[in-house]
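Geometric and topological summary
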Amino acid sequence: MVLHKKTVSLVALFLLLLVISSNYVLYHSSFGLQSLPGNFNGVVVGSILDLSLVAPLLFLAWQRKFSLKYFIVLMATGLIAARFIIPSEYLASFQSVMWLGVGIEGVLILFELSLLFMLVKNVPPILRMIKSSSLPLLFSFSRAVNEKFSKQPFIHVLCSEMLMFYYAFGTWKKQPSTEENTFTLYKRSSFVTFQIMIIHAIVIETLGLHWLLHNTSMTLSIVLLILNIYSIIFFIGDIQALRLNPLRVEEDRIYISFGLAKRMEISFKDIEEIIEGTHILKQKIPSTTIEFIARDFETVHPDLLLTLKSPVEATLFMGIKKKYQQVAIRVDDPHEFKKIVKERLEKNKQNM
């Protein structure tokens, strides 16, 4: 069943790229322009339907996320994209349809600006909640935002970006926590070194591509420059978040995060079974498993595999929520970690 869903998702992505690329080639290549009939209105209508209806449906199938609001946003985005893909001389008869997309996007932007104003207005109480919490920042910040904006994906994405910039620029004087029952996840690997290598590679690529493209395509050069700068900021923030937020074992739950990419709160009452040692190697880890493992060039395996009684929600990059049935964990002090987790799990079972 999982394999079938993955196959459908990949097919949808392939068809999405095919729809977009074929429409672009149709209007921006000599072959495509020669194949256009004398009365091209029918072809333009087909392209508009492709970009505003077919492409959004394929995108939703690829993401496996279906909602009417999301579909309307994608339709408006498709209409705006059509203005850039289809030459203006072919769109003379369809200006009202094109402006419809701009109008929808304008309304959505105004709505998002109002949410942004609400966020700014609620910053002081959110900061007070964070300061009064004993939880790691990644969790206390997320919990405070959830209390104020539980059903606003735009706010969660924005707050995720705020965390990235905070860890990238505002944490250099902070030291990693050395509290009892905290465990780092990266020191048994070259993960941080690998991340630094990626940053160096992006810097070199940015300088090279910007120099090559600035004379031929200034727009593309600026876009790539912005994306590369964003990537560098993300990797720096990710390293800092990984260093400053070790796994924490409390009396009744585990707080675990892996940089900015993912975090999860696991209550001991939700744990069905602990798998360890050679049993992990013999067990095929399914796609319903979230991994908190620092990977580099070597093949590594988790120290513990927690099987949950029912799927538990994790927060991924950009505030995306997803539920998992198993949790694979690899820490730098596995013996002490296993001991504490087993003790706490046994204690919680006795109290139930």
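Scroll up for the structure.
Residues numbered from 1 in each chain as written. Predicted model: local features only at pLDDT ≥ 70, side-chain atom pairs only at ≥ 80, totals over all residues. Heavy atoms only, no water.

On to the overall build of the chain. Along the chain, the regular secondary structure elements total eleven helices and eight strands. Counting all 352 residues of the chain, 40% fall into the buried class. Relative to all contacts within the chain whose residues are 6 or more apart in sequence, the contacts with residues 24 or more apart total 68%. Carbon and sulfur atoms provide 65% of the accessible area of the chain, an area that totals close to 20200 Å². (Helix = DSSP H or I, 4+ residues; strand = E, 2+ residues; numbered from the N terminus. Buried < 20%, exposed > 50% of the residue type's maximum accessible area, 1.4 Å probe, protein only. Contact = heavy atoms within 4.5 Å. Areas by Shrake-Rupley, 256 points an atom, 1.4 Å probe, with all protein chains shown as cover.)

The next subject is the pattern of salt bridges. Summed over the entire model, instances satisfying the criterion amount to eleven salt bridges. Among the ionic pairs, Arg-253 bridges to Asp-252, the shortest N-O distance being 3.4 Å. Note on Asp-252: relative accessible area 33%, which makes it partly exposed. Look at the salt bridges and you will find they share partners, linking Arg-143, Asp-252, Arg-253 and Glu-265 into a network. (Salt bridge = Lys/Arg side-chain N within 4 Å of Asp/Glu carboxyl O.)

Let us look at helix H3 (residues 41-63). In an α-helix, one turn spans 3.6 residues, which is why side chains three or four residues apart end up on the same side. The end-to-end C-alpha distance of H3, which contains 23 residues, comes to 32 Å, matching closely the 33 Å that a straight helix rising 1.5 Å per residue would cover. At Asp-50, H3 shows its maximal bend, which comes to roughly 40 degrees. Among the residues of H3, Val-44, Ser-47, Ile-48, Leu-51, Ser-52, Ala-55, Pro-56, Leu-58, Leu-60 and Ala-61 are the ones counted as buried. Once H3 finishes, Arg-64 follows within two positions and takes phi at roughly 55 degrees, a positive value. (Expected span 1.5 Å × (residues − 1). Bend = angle between axes of the 7 residues up to and from the residue.)

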